[in-house]
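Tertiary structure, described
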Amino acid sequence: MALSRPSHGSGRIAPLPLLHPSDTKPMTLSTWLLYVAAVLVLTVTPGPSVLMCISTSVQHGPRRALVASLGSTTAIACLMLLSMLGLGTVLAASEALFSALKWLGAGYLAYLGVASLRSKASSLAVPDASLPQVSARTLYARGALVGASNPKALLFFGALFPQFIDPSAPQLGQFLILGVTFIFFELFWLSIYALTAARARQWLQKPRRATLFNRITGVVFLVAAGLLASTRRNAV
């Protein structure tokens, strides 16, 4: 709706030269809602970051799990930024760079999987206060590594994320909207999983249940490593 002012030399009212609403909106509501639906499915589905958050909450408590979640979310934010800067195009053009990043991520996920499969049920026991605790910095770095090597996130930000950006609209505004939305849902669901795992800690610490949890966690990490290793350049 445009404001008006009197025109010179007549009694009529002329419109003020304001911008059209479409020039000031970086994104339509329908596009954002479609993006929210995609992000909701991606973040609520259990994956490497969720399992890392759950195991950290069971072993070290929900507060430490939130620190690891912040590390994972930081890595996600970096992936979003790199996607905006066109990293997907660079990876698609560079076989060596793509392969190096792919195998580093797959190797780390495979390491976590093997470690979970080989861990004993006692690894989920309540930590002894007299024993040295894992530092928050270590947990944050561990979360960042898992987030950066998450195949779901890599594929999402490499292939799907750019599809929600309109090249004819302001880029920065769209990026901020998409980024804040994703980070909100990512932190929200990781926090829910961490708090739920903390409540189920006693139940998970039964020897058979703890063993089963470690096996499931290990298999999921190994499957994620396989998915990442099988990713081709044209999928990014």
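As shown above, the structure is provided for reference.
Criteria and thresholds
Residues numbered from 1 in each chain as written. Predicted model: local features only at pLDDT ≥ 70, side-chain atom pairs only at ≥ 80, totals over all residues. Heavy atoms only, no water. Helix = DSSP H or I, 4+ residues; strand = E, 2+ residues; numbered from the N terminus. Buried < 20%, exposed > 50% of the residue type's maximum accessible area, 1.4 Å probe, protein only. Contact = heavy atoms within 4.5 Å. Core = buried A, V, L, I, M, F, W, Y, C linked by side-chain atoms within 4.5 Å. 1 Å grid on protein atoms, 1.4 Å probe; cavity = no way out; pocket = protein on both sides within 12 Å on 5 of 7 lines; lining within 4 Å. Points joined across faces, edges and corners; volume = space filled by probe spheres on them. Nonpolar A, V, L, I, M, F, W, Y, C, P; charged D, E, K, R; others polar.

For the rest of this paragraph, the subject is the overall build of the protein chain. For the protein chain, the helix and strand inventory stands at 11 helices and two strands. Secondary structure elements of the protein chain, listed N to C terminal, follow the sequence β-β-α-α-α-α-α-α-α-α-α-α-α. Residues classed as buried in the protein chain amount to 36% of the 236 residues present. Relative to all contacts within the protein chain whose residues are 6 or more apart in sequence, the contacts with residues 24 or more apart total 83%.

A word on the nonpolar core. Side chains that are nonpolar tend, in soluble globular proteins, to be buried together. Tyr35, Phe156, Phe157, Phe161 and Phe182 are the most contacted members of the largest nonpolar core, which totals 18 residues. Those elements that place two or more of their residues in this core are helix H2 (29-44), helix H4 (62-84), helix H8 (151-160) and helix H9 (171-199). Residue contacts for phenylalanine 182: discarding those within four places in its chain leaves Tyr35, Val39, Leu42, Thr43, Ile76, Met80, Phe156 and Phe157. In terms of nonpolar packing, the next biggest core, distinct from the first, is built from 11 residues, Met52, Ala68, Leu109 and Leu139 among them.

It is worth spelling out the layout of surface pockets at this point. One number sums up the size of the second largest pocket: a volume of about 420 Å³. Along the wall of the second largest pocket there are 19 residues; nearest its centre are Ser55, Gln59, Leu112, Ser116 and Arg142. At the level of elements, helix H3 (48-60), helix H6 (95-118), helix H7 (136-148) and helix H11 (207-229) are the ones that each hand at least two residues to the lining of the second largest pocket. Here the residues of the lining of the second largest pocket are counted per class, giving nine nonpolar, nine polar and one charged.

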